[in-house]
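Residue-level structural notes
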Amino acid sequence: MSHGYESGRLNLPFVGISTFGKSPYQPDWEAIDADVAILGAPFDFGTQWRPGARFGPRAVREASTLFSFGHAGAYDHEDDVTYLEDVRMVDIGDADIVHTDTIRSHANIESGVRAILKAGALPVVIGGDHSINIPCIRAFDGQGPLHIVQIDAHLDFVDERHGVRYGHGNPMRRAAEQEHVTGLSQFGIRNVSSTAKEGYEAARAMGSDILSVRQIRALGIEKTLARVPTGANYYVTIDIDGFDPSIAPGTGTPSHGGFVYYEVLELLAGLAQRGTVVGIDLVEVAPDYDQTGTTAILAAQVLLNFIGRILHARG
Ligand code: MN
Ligand code: MN
């Protein structure tokens, strides 16, 4: 992470321009030289209820400055590890979004992820609604096999509804269809769903392991992790509505009965140990419903802690 004191400035979190974690801005996608690259995907035409996730990347970037104090890294006294130390992270800005044009907007997101992968960096994409996962997964073709871990209240496994195939209820179905995707772990699924019964049956037939929040609490985190293929390449997609609305109200389709912070952090930390995390997206933060900003802060905190643990596990 960038450390302002090196340039003789204090550069406190509330000072300056809000890149993610106040990491350097790299607008040239041909010149990415980093371990981790952040891409914004401010796209929300895939929503079926409350829109507003197009402002997610800005909100999460601003919230992430809270975690950019000038001292190097993030010391965790429970783990006795300083995470994010010597991690080279850049923010490459946003994919260009063309209003009402899903195909072109998604293609631009895919280009950004491809540029990050070409540079050998870990792509971290901030949505946007969950449909932005579709171009992210597409960008990994030829780089499989990939196992997808989804944190979400909703299964998002709709094949097609009224001709819509690229909305925020479709991404896990589109992912499961890809040749380079070998399976999915779908965690936190509950309540009113994006998907009808036949979608659940199709998901299981296509290699999904579906667990609700209550089922994961009954199993415990260790036994939940044990159901995820070990040693695999994981792509992790985090829909903020997987968390409980009491801590993450700022989202289009909140669903009560969600995860608390440490359940998800322990799952993510376990994944970083269990296999190789090769890509991340975090979606559905809609700041207009986030009256205290706590949802964006949660998103930033989850991402920075997850990135820190992934890079630490790589050694
Ligand atoms: Mn979702
Ligand atoms: Mn959801």
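Calculation criteria
Residues numbered from 1 in each chain as written. Chains lettered and ligands numbered in written order. Predicted model: local features only at pLDDT ≥ 70, side-chain atom pairs only at ≥ 80, totals over all residues. Heavy atoms only, no water. Helix = DSSP H or I, 4+ residues; strand = E, 2+ residues; numbered from the N terminus. Rg over C-alpha atoms; globule rule 2.2 N^0.38 Å. Buried < 20%, exposed > 50% of the residue type's maximum accessible area, 1.4 Å probe, protein only. Contact = heavy atoms within 4.5 Å. Areas by Shrake-Rupley, 256 points an atom, 1.4 Å probe, with all protein chains shown as cover. Donors = N, O, S within 2.8 Å, 3.2 Å for Na, K, Ca; no water. Polar contact = N/O pair within 3.5 Å; in protein donor to acceptor, adjacent residues only side chain to side chain.

1. Some words on the overall build of the protein chain
On a plain count of helices and strands, the protein chain comes out with 9 helices and 10 strands. Here the protein chain has a C-alpha radius of gyration of 18 Å; the compact-globule value for 315 residues is 20 Å, and the two agree. For the protein chain, the spread of C-alpha atoms along the principal axes amounts to about 60 × 45 × 40 Å. In the protein chain, which comprises 315 residues, the share counted as buried stands at 58%. A separation of at least 24 residues holds for 78% of the contacts in the protein chain among residues at least 6 apart in sequence. By element, 51% of the accessible surface of the protein chain is carried by carbon and sulfur atoms, the whole surface being about 13,300 Å².

2. Overview of the coordination of the manganese ion (ligand 2)
The coordination sphere of the manganese ion (ligand 2) contains the protein donors Asp152 (OD), His154 (ND1), Asp239 (OD), Asp241 (OD) and Asp241 (OD), at a distance range of 2.1 to 2.4 Å. Along the chain, the residues donating to the manganese ion (ligand 2) fall in the pattern D-x1-H-x84-D-x1-D. The distance between the manganese ion (ligand 2) and the manganese ion (ligand 1) comes to 3.2 Å, and aspartate 152 binds to both of them. Residue aspartate 152 is located in the loop between β6 (146-151) and α4 (171-177), and its partner aspartate 241 is located in the loop between β9 (233-239) and α8 (261-274); the two are separated by 89 residues in the primary sequence. The class for aspartate 152 is buried, based on a relative accessible area of 0%. Aspartate 241 sits in the buried class, given a relative accessible area of 2%.

3. Focus on the environment of tyrosine 234
As for its placement among the helices and strands, tyrosine 234 is situated in strand β9. A relative accessible area of 0% means that tyrosine 234 is categorised as buried. For tyrosine 234 and histidine 162, which are 72 residues apart along the polypeptide, the C-alpha to C-alpha distance reads 32 Å. Here the side chain of tyrosine 234 touches proline 229 through a polar contact of 2.6 Å, landing on its backbone oxygen.

Geometric descriptors of this kind do not, in isolation, establish any biological role.
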